[in-house]
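Structure assessment
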Amino acid sequence: MAYKRKDHFYKKAKREKKASRAVYKLDELQRRFKLVQKGDIVLDLGCAPGGWMQELSKMVGTKGRIIGIDLLPLKIEPPKNCSFIQGDLEDEHPTTKIQLMASGRVDVVVSDMSPNISGIAFADAYRSYEVAMLALEICRKLLKEGGNFVVKIFPGQEFEEYVRILKIHFKKVSTIVPEATRKTSSERYLIALNFKS
Ligand SMILES: C[S@@+](CC[C@H](N)C(=O)[O-])C[C@H]1O[C@@H](n2cnc3c(N)ncnc32)[C@H](O)[C@@H]1O
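To keep things clear, this report deals only with the structure shown in the data block. Not measured: the values here are computed from a predicted model.

Conventions adopted
Residues numbered from 1 in each chain as written. Predicted model: local features only at pLDDT ≥ 70, side-chain atom pairs only at ≥ 80, totals over all residues. Helix = DSSP H or I, 4+ residues; strand = E, 2+ residues; numbered from the N terminus. Buried ≥ 20, exposed ≤ 12 C-beta atoms within 10 Å, placed from the backbone. Contact = placed C-beta atoms within 7 Å. Near = placed C-beta within 6 Å. Nonpolar A, V, L, I, M, F, W, Y, C, P; charged D, E, K, R; others polar.

Secondary structure summary: the chain contains six helices and seven strands in total. Its helices and strands taken in sequence order, the chain reads α-α-β-α-β-β-α-β-α-β-α-β-β from the N to the C terminus. In terms of its C-alpha atoms, the chain occupies a principal-axis envelope of roughly 45 × 40 × 30 Å. In the chain, which comprises 197 residues, the share counted as buried stands at 39%. Counted over contacts in the chain with a minimum sequence separation of 6, partners at least 24 positions apart contribute 65%.

Once that is clear, we can look at the site of the ligand. In the neighbourhood of the ligand, 23 residues make up the surrounding shell, with Ala22, Gly46, Gly51, Leu89 and Asp112 lying closest. Where the shell around the ligand is concerned, the elements lending two or more residues are α2 (22-33), α3 (51-60) and β2 (65-70). Looking at side-chain class alone, the shell around the ligand contains 14 nonpolar, five polar and four charged residues.

With respect to the helices and strands, Glu28 occurs in helix α2. Given 16 C-beta atoms within a 10 Å radius, Glu28 is considered partly exposed. The spatial distance from the C-alpha of Glu28 to the C-alpha of Tyr126 is 27 Å, given a sequence separation of 98 residues. Residue contacts for Glu28: discarding those within four places in its chain leaves Pro178, Glu179 and Ala180.

And the structure:
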(Lines give C-alpha, C1' and ligand atoms only; values in the text may rest on other atoms or scores of the structure.)
Protein backbone atom coordinates (compact mmCIF):
# COMPACT_ATOMS: atom_id res chain seq x y z
CA MET A 1 0.00 0.00 0.00
CA ALA A 2 1.35 3.47 -0.91
CA TYR A 3 2.59 5.60 2.00
CA LYS A 4 0.25 8.58 2.44
CA ARG A 5 1.91 10.97 4.86
CA LYS A 6 -0.85 13.56 5.02
CA ASP A 7 -3.75 11.28 5.86
CA HIS A 8 -6.84 12.08 7.98
CA PHE A 9 -5.05 11.79 11.39
CA TYR A 10 -2.03 13.81 10.22
CA LYS A 11 -4.33 16.68 9.15
CA LYS A 12 -6.41 16.39 12.34
CA ALA A 13 -3.23 16.66 14.48
CA LYS A 14 -2.15 19.78 12.55
CA ARG A 15 -5.60 21.34 12.85
CA GLU A 16 -5.87 20.61 16.58
CA LYS A 17 -2.23 21.70 17.19
CA LYS A 18 -1.17 18.33 18.66
CA ALA A 19 2.54 17.44 18.85
CA SER A 20 1.91 14.24 16.86
CA ARG A 21 -0.82 12.03 15.40
CA ALA A 22 0.15 9.43 18.03
CA VAL A 23 -2.19 11.20 20.50
CA TYR A 24 -5.24 9.68 18.78
CA LYS A 25 -3.86 6.18 19.39
CA LEU A 26 -3.53 6.87 23.11
CA ASP A 27 -6.98 8.48 23.25
CA GLU A 28 -8.51 5.33 21.77
CA LEU A 29 -6.62 3.07 24.20
CA GLN A 30 -7.78 5.19 27.13
CA ARG A 31 -11.41 5.16 25.93
CA ARG A 32 -11.39 1.40 25.57
CA PHE A 33 -9.29 0.32 28.58
CA LYS A 34 -9.41 3.18 31.15
CA LEU A 35 -5.67 2.78 31.65
CA VAL A 36 -4.99 6.00 33.51
CA GLN A 37 -6.88 7.56 36.43
CA LYS A 38 -6.84 11.06 37.92
CA GLY A 39 -3.91 11.42 40.35
CA ASP A 40 -1.81 8.66 38.74
CA ILE A 41 1.97 8.72 38.34
CA VAL A 42 2.75 7.65 34.76
CA LEU A 43 6.05 6.83 33.07
CA ASP A 44 6.03 7.83 29.40
CA LEU A 45 8.89 5.89 27.74
CA GLY A 46 9.96 7.28 24.36
CA CYS A 47 7.90 10.45 24.92
CA ALA A 48 9.31 12.79 22.20
CA PRO A 49 8.05 14.85 20.46
CA GLY A 50 5.53 14.99 23.34
CA GLY A 51 2.05 14.14 22.02
CA TRP A 52 1.28 11.40 24.56
CA MET A 53 2.72 13.55 27.33
CA GLN A 54 0.22 16.33 26.56
CA GLU A 55 -2.71 13.88 26.67
CA LEU A 56 -1.47 12.02 29.75
CA SER A 57 -1.07 15.33 31.55
CA LYS A 58 -4.81 16.01 31.12
CA MET A 59 -5.77 12.42 32.03
CA VAL A 60 -3.98 12.48 35.42
CA GLY A 61 -5.02 16.07 36.25
CA THR A 62 -3.29 18.44 38.65
CA LYS A 63 -2.78 15.83 41.38
CA GLY A 64 -1.07 13.38 39.01
CA ARG A 65 2.37 13.41 37.46
CA ILE A 66 4.04 12.31 34.22
CA ILE A 67 7.73 11.41 33.96
CA GLY A 68 8.80 11.27 30.32
CA ILE A 69 12.08 10.05 28.90
CA ASP A 70 13.51 10.04 25.39
CA LEU A 71 16.80 10.05 23.49
CA LEU A 72 15.51 13.14 21.65
CA PRO A 73 14.35 16.50 23.00
CA LEU A 74 10.65 17.35 23.30
CA LYS A 75 9.05 19.62 20.71
CA ILE A 76 6.56 21.02 23.22
CA GLU A 77 6.83 22.92 26.48
CA PRO A 78 6.13 20.19 29.08
CA PRO A 79 2.83 20.84 30.94
CA LYS A 80 3.16 21.78 34.64
CA ASN A 81 2.62 18.26 35.99
CA CYS A 82 5.26 16.71 33.65
CA SER A 83 9.02 16.18 34.01
CA PHE A 84 11.32 15.24 31.18
CA ILE A 85 14.62 13.31 31.20
CA GLN A 86 16.71 13.21 28.04
CA GLY A 87 18.58 9.90 27.97
CA ASP A 88 18.85 6.35 26.68
CA LEU A 89 16.76 3.80 28.57
CA GLU A 90 19.35 1.18 27.70
CA ASP A 91 21.64 2.93 30.21
CA GLU A 92 21.19 2.31 33.93
CA HIS A 93 21.37 6.02 34.84
CA PRO A 94 17.92 7.23 33.60
CA THR A 95 16.13 4.31 35.31
CA THR A 96 17.73 5.22 38.63
CA LYS A 97 16.73 8.85 38.09
CA ILE A 98 13.12 7.87 37.27
CA GLN A 99 13.04 5.72 40.41
CA LEU A 100 14.02 8.71 42.52
CA MET A 101 11.58 11.07 40.79
CA ALA A 102 8.62 8.66 41.11
CA SER A 103 9.43 8.18 44.81
CA GLY A 104 8.54 4.51 44.74
CA ARG A 105 5.06 4.70 43.22
CA VAL A 106 4.40 4.21 39.49
CA ASP A 107 0.77 3.50 38.58
CA VAL A 108 1.09 3.16 34.80
CA VAL A 109 3.94 2.64 32.31
CA VAL A 110 3.37 3.51 28.63
CA SER A 111 5.96 2.79 25.97
CA ASP A 112 5.57 4.15 22.44
CA MET A 113 9.32 3.60 21.90
CA SER A 114 10.42 2.68 18.37
CA PRO A 115 13.92 1.64 17.38
CA ASN A 116 15.49 3.27 14.31
CA ILE A 117 13.88 1.48 11.38
CA SER A 118 16.33 -0.11 8.89
CA GLY A 119 13.73 -1.37 6.41
CA ILE A 120 14.85 -4.99 6.96
CA ALA A 121 11.63 -6.40 8.42
CA PHE A 122 13.01 -9.23 10.59
CA ALA A 123 15.83 -7.04 12.00
CA ASP A 124 13.38 -4.21 12.80
CA ALA A 125 10.98 -6.65 14.48
CA TYR A 126 13.82 -8.05 16.59
CA ARG A 127 14.97 -4.56 17.68
CA SER A 128 11.38 -3.67 18.50
CA TYR A 129 11.14 -6.82 20.66
CA GLU A 130 14.34 -5.79 22.48
CA VAL A 131 12.97 -2.30 23.13
CA ALA A 132 9.65 -3.81 24.35
CA MET A 133 11.63 -6.13 26.68
CA LEU A 134 13.44 -3.08 28.03
CA ALA A 135 10.08 -1.43 28.81
CA LEU A 136 8.92 -4.63 30.56
CA GLU A 137 12.12 -4.68 32.65
CA ILE A 138 11.29 -1.14 33.78
CA CYS A 139 7.79 -2.30 34.80
CA ARG A 140 9.33 -5.13 36.79
CA LYS A 141 11.51 -2.63 38.66
CA LEU A 142 9.07 0.24 39.13
CA LEU A 143 5.40 -0.57 38.47
CA LYS A 144 3.14 -0.99 41.48
CA GLU A 145 1.10 -4.15 42.01
CA GLY A 146 -2.19 -3.76 40.09
CA GLY A 147 -0.60 -1.18 37.71
CA ASN A 148 -1.15 -1.04 33.93
CA PHE A 149 1.29 -1.20 31.00
CA VAL A 150 0.96 -0.27 27.31
CA VAL A 151 3.70 -1.16 24.86
CA LYS A 152 4.15 -0.76 21.12
CA ILE A 153 5.73 -3.60 19.17
CA PHE A 154 6.39 -4.45 15.51
CA PRO A 155 5.56 -8.16 15.51
CA GLY A 156 8.10 -10.71 14.31
CA GLN A 157 9.06 -14.21 15.39
CA GLU A 158 9.43 -13.12 19.02
CA PHE A 159 5.92 -11.63 19.30
CA GLU A 160 4.15 -14.71 20.72
CA GLU A 161 6.98 -15.21 23.22
CA TYR A 162 6.64 -11.59 24.36
CA VAL A 163 2.87 -11.99 24.85
CA ARG A 164 3.51 -15.21 26.80
CA ILE A 165 5.92 -13.37 29.15
CA LEU A 166 3.45 -10.48 29.58
CA LYS A 167 0.74 -12.96 30.58
CA ILE A 168 2.98 -14.21 33.39
CA HIS A 169 3.23 -10.72 34.84
CA PHE A 170 -0.24 -9.24 34.16
CA LYS A 171 -3.74 -10.58 34.75
CA LYS A 172 -5.15 -9.45 31.35
CA VAL A 173 -3.34 -8.86 28.04
CA SER A 174 -4.94 -7.60 24.79
CA THR A 175 -3.50 -6.74 21.36
CA ILE A 176 -4.82 -3.67 19.55
CA VAL A 177 -4.23 -1.84 16.27
CA PRO A 178 -5.58 1.67 16.93
CA GLU A 179 -7.54 3.43 14.17
CA ALA A 180 -4.86 6.13 13.94
CA THR A 181 -2.12 3.60 13.06
CA ARG A 182 -1.04 4.12 9.45
CA LYS A 183 -2.45 1.49 7.13
CA THR A 184 1.12 0.76 5.94
CA SER A 185 2.43 0.08 9.48
CA SER A 186 2.58 -3.35 11.14
CA GLU A 187 2.65 -1.85 14.67
CA ARG A 188 0.54 -3.37 17.44
CA TYR A 189 -0.13 -2.14 20.97
CA LEU A 190 -0.23 -4.61 23.82
CA ILE A 191 -2.42 -3.56 26.73
CA ALA A 192 -1.41 -5.35 29.91
CA LEU A 193 -3.65 -4.72 32.92
CA ASN A 194 -3.25 -5.45 36.62
CA PHE A 195 0.44 -6.14 37.29
CA LYS A 196 1.01 -9.13 39.54
CA SER A 197 4.30 -7.79 40.95
C1 LIG B 1 7.04 7.12 17.92
S2 LIG B 1 8.10 8.09 18.91
C3 LIG B 1 7.09 8.42 20.31
C4 LIG B 1 5.98 9.41 20.05
C5 LIG B 1 5.35 9.94 21.33
N6 LIG B 1 4.58 8.91 21.99
C7 LIG B 1 4.45 11.12 21.05
O8 LIG B 1 3.22 11.01 21.20
O9 LIG B 1 4.96 12.21 20.73
C10 LIG B 1 9.25 6.92 19.53
C11 LIG B 1 10.33 7.51 20.42
O12 LIG B 1 11.06 6.44 21.05
C13 LIG B 1 12.35 6.96 21.39
N14 LIG B 1 13.29 5.89 21.79
C15 LIG B 1 13.64 4.79 21.08
N16 LIG B 1 14.56 4.07 21.76
C17 LIG B 1 14.80 4.71 22.94
C18 LIG B 1 15.65 4.47 24.07
N19 LIG B 1 16.45 3.42 24.12
N20 LIG B 1 15.64 5.36 25.10
C21 LIG B 1 14.82 6.45 25.06
N22 LIG B 1 14.00 6.73 24.00
C23 LIG B 1 13.97 5.89 22.96
C24 LIG B 1 12.73 7.67 20.08
O25 LIG B 1 13.76 8.61 20.28
C26 LIG B 1 11.39 8.31 19.64
O27 LIG B 1 11.31 9.67 20.00
